[in-house]
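If you want the building blocks of each chain, they are given just below.
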Amino acid sequence: MRRVAWLSELRSWKDGCQAPLKLDTSSGIFDKVAWTQSAYVHVQMHPYDLDFYDHVAGKYTVKKWLDGLRARYGGIDAALIWPTYTQLGVDDRNAYDMIRSLPGGMTAIKAFVQELHDEGVRVLWPFMPWD
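Everything numeric in this text was worked out from a predicted model, so none of it was measured.

Thresholds applied
- Residues numbered from 1 in each chain as written.
- Predicted model: local features only at pLDDT ≥ 70, side-chain atom pairs only at ≥ 80, totals over all residues.
- Heavy atoms only, no water.
- Phe/Tyr/Trp six-rings, centres within 6.5 Å; stacked < 30°, edge-to-face > 60°.
- Helix = DSSP H or I, 4+ residues; strand = E, 2+ residues; numbered from the N terminus.
- Buried < 20%, exposed > 50% of the residue type's maximum accessible area, 1.4 Å probe, protein only.
- Pairing = 2+ DSSP bridges.
- Expected span 1.5 Å × (residues − 1).
- Arc of directions from axis to C-beta.
- Contact = heavy atoms within 4.5 Å.

Draft legend 1. Here's a closer look at the packing of aromatic side chains. Scanning all chains against the criterion turns up 6 aromatic pairs. Ring centres of phenylalanine 52 and tryptophan 65 lie 5.3 Å apart, and the angle between their planes is 85 degrees; this geometry places the pair in the edge-to-face category. With phenylalanine 52 in the loop between β1 (42-45) and β2 (53-54) and tryptophan 65 in helix α3 (residues 62-73), this pair connects stretches of sequence that are 13 residues apart. Among the residues examined, tryptophan 65 registers a relative accessible area of 5% and is labelled buried. Arranged with centres 6.4 Å apart and planes meeting at 35 degrees, the rings of phenylalanine 112 and tryptophan 125 form a pair that is tilted. Of this pair, phenylalanine 112 sits in helix α5 (residues 105-118) while tryptophan 125 sits in the segment after β5 (122-124); the two residues are 13 residues apart in sequence, bridging distant segments of the chain.

Below, the structure is given as structure tokens:
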């Protein structure tokens, strides 16, 4: 019941933000990406979050991370995975190098993305060609 009330308030807030700006969400880029029409809760996260990656075990703990989000917010619809902040600029790696250098490399990244997808969570990655 709390989630229903919270979602209702969130939709009301969204409508209140769009109206003064005269934003028309009935057409545009988000209509072309169907899942965005029902993805209301997005988080930005860092893959080195202690709830997402267990440094001692050396493995990603997607279920633990999602369970915490479900307990606090009722769950999420999408996650923007941001692997560069706060490290960008400390060496000569760019954003793409940092993604590839996450623990376990691309194999582990593909596995945790699949695990997120299996849980119904959409995954977004930053596209920053200037980094």
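Draft legend 2. Structural detail: the pairing of strand β4 (residues 78-81). Alignment of β1 against β4, held across 4 bridges, turns out to be parallel. Counted as the bridge partner of methionine 45 is isoleucine 81 from β4. Relative to β5, β4 is paired through 3 bridges, and the arrangement is parallel. When the bridges of β5 are listed, leucine 80 appears paired with leucine 124.

Draft legend 3. Summary view of α5. Counted at 1.5 Å a residue, the expected span for α5 with its 14 residues is 20 Å, and the 20 Å between its end C-alpha atoms agrees. If you check which residues of α5 are buried, you get Gly105, Ala108, Ile109, Phe112, Val113 and Leu116. The arc enclosing the buried residues of α5, seen along the axis, measures out at 135 degrees, which places them on a common side. More than 90 degrees from the buried face of α5, the exposed residues found are Thr107, Lys110 and Asp118. In this fold, the buried residues of α5 make contact with β3 (59-60), α3, β4, α4 (95-100) and β5. Positioned one or two residues after α5, glycine 120 has a phi angle of 85 degrees, which is positive.

All quantities given are derived from atomic positions and should not be read as evidence of function.
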